[in-house]
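Take a look at the letters that make up each chain.
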Amino acid sequence: MDRLPRIALPAVFIAIVLIILVTKMIVRIGPGEGGVLFRPAAGGVVTDQTYGEGWHIVAPWNDMLIHKVRQQSITDEMNVLSVDGLQVSVNGTIWFEPEYENLGNLIKTKGQDFVVELLDPAINSAARSVVGRYTPEQLYSSKRDAIEQEILVEVRKELEGQYVNVKRILVEDVKLPTTIKDAIENKLKQEQESLEYQFRLEIASKEADRQRIEAQGKADANRILSASLTDKILQDKGIEATLKLSQSPNSKIVVVGSSGDGLPLILGNN
């Protein structure tokens with residue numbers, strides 16, 4: 001019985017060590033993640049294999065470096081200069097994803113914090129290059145889509161061969177000094193009012209043209225009608241109307257003949 005405690009204590013110790021080793025050896029890689037094996041005693045980061053989602057067994061003297069490999073985004077605010085030297089604050093969002101098969105190369109060359117080490121400098125460099133081509137007014141209003149596309153092209157050039165794919169860039173806000181912003185807004189308002197006034201003038205001019213054309217058409221129709229109503233036609237129309245009137249049951253008119261000029265001789269009924 002005295003020997004039992006002496007045997008139990010080492011057994012408990014060994015069991016605890018085994019549990020710790022097993023816990024360290026079994027690694028879970030979650031959805032949208034990838035793993036890279038780090039071998040401190042055998043060359044460091046393994047670059048030729050990326051471990052996918054699920055459970056993996058790793059030797060206790062090695063580590064599994066786990067990172068997101070799905071598409072993700074970061075938001076950054078950059079202070080840059082416009083073409084005329086005015087300081088502008090640009091707030092944007094960048095969608096990117098690491099190259100899954102090159103996750104080991106990315107971590108080995110840029111470190112685990114590759115977003116800070118790689119993406120931030122590339123984005124700031126591209127933003128400074130692109131924004132420096134535009135005036136504050138263009139940045140604030142009309143050139144937002146073009147700026148986004150140009151920054152995307154520049155970032156992709158900066159990151160070419162760096163194992164990161166940039167999918168999209170969205171410029172969410174451009175902040176200008178208050179005085180400049182107010183001046184631009186006033187100018188845009190005046191331009192809008194000018195366009196509205198010009199539009200009203202065009203509508204009024206078109207309406208005047210329509211009324212003039214309509215009046216001209218009526219005048220032409222009356223002139224043609226007057227020219228076609230000769231004396232003979234008027235005489236025939238008068239005879240026709242008189243005859244129709246005399247044939248009415250309630251008529252008090254009797255046609256007894258015609259005069260020498262072709263007009264009917266009319267007598268009243270007794």
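Scroll up to find the structure this text is about.
Here's a quick rundown of the structure. (Residues numbered from 1 in each chain as written. Predicted model: local features only at pLDDT ≥ 70, side-chain atom pairs only at ≥ 80, totals over all residues. Heavy atoms only, no water.)

### Here we look at the overall build of the chain
From N to C terminus, the chain includes seven helices and ten strands. Within the chain, the fraction of its 270 residues that count as buried is 26%. When contacts within the chain are restricted to residue pairs at least 6 apart in sequence, long-range pairs at least 24 apart make up 63% of them. (Helix = DSSP H or I, 4+ residues; strand = E, 2+ residues; numbered from the N terminus. Buried < 20%, exposed > 50% of the residue type's maximum accessible area, 1.4 Å probe, protein only. Contact = heavy atoms within 4.5 Å.)

### With respect to the side chain of Glu 99
Looking at the element boundaries, Glu 99 is found in the loop between β7 (87-98) and α2 (103-110). Buried within the structure, Glu 99 lacks any salt-bridge partner; its nearest side chain of opposite charge belongs to Lys 167, at an N-O separation of 9.0 Å. When near neighbours in sequence (up to four residues on either side) are disregarded, Glu 99 contacts Tyr 163, Val 164 and Asn 165. (Lys, Arg positive; Asp, Glu negative; His and termini not counted. Salt bridge = Lys/Arg side-chain N within 4 Å of Asp/Glu carboxyl O.)

### Structural notes on the packing of helix α3 (residues 114-131) against helix α5 (residues 144-158)
Between α3 and α5, the shortest axis-to-axis distance is 8 Å and the interhelical angle comes to 135°. On the basis of their axis angle, the class for α3 and α5 is oblique. Remark: the crossing between α3 and α5 carries right-handed chirality. Each of Ala 122, Ile 123, Ser 125, Ala 126, Ala 127, Ser 129 and Val 130 in α3 lies in contact with α5, whose residues at this interface are Ile 147, Glu 150, Ile 151, Glu 154, Val 155 and Glu 158. The residue inventory of the contact of α3 with α5, partitioned by class, reads eight nonpolar, two polar and three charged. (Axes fitted to C-alpha atoms, helices over the stretch in contact; angles between N-to-C directions. Parallel < 35°, antiparallel > 145°, perpendicular 65-115°, else oblique. Left-handed = near helix turned anticlockwise from the far one by under 90°. Nonpolar A, V, L, I, M, F, W, Y, C, P; charged D, E, K, R; others polar.)

### Points about the nonpolar core
Core analysis: the largest hydrophobic core is formed by 36 residues, its most contacted members being Leu 119, Ile 151, Val 155 and Val 166. Counting residues per element, the ones that place at least two in this core are β6 (72-81), β7, α2, α3, α5 and β8 (164-175). A total of nine residues in this core trace back to one element, the largest contributor, which is α3. Sequence-distant contacts of Val 166, defined by excluding residues within four places in its chain, comprise Ile 94, Trp 95, Phe 96, Leu 119, Leu 152, Val 155, Arg 156 and Leu 159. One finds Ile 29, Val 46, Tyr 51 and Val 58 within the second-largest nonpolar core, a separate group that totals seven residues. (Core = buried A, V, L, I, M, F, W, Y, C linked by side-chain atoms within 4.5 Å.)

### Observations regarding the environment of Ala 122
In this structure, Ala 122 sits in helix α3. Not counting chain neighbours up to four residues away, the residues in contact with Ala 122 comprise Val 155, Glu 158 and Leu 159.

Any link to function would need more than the numbers given here.
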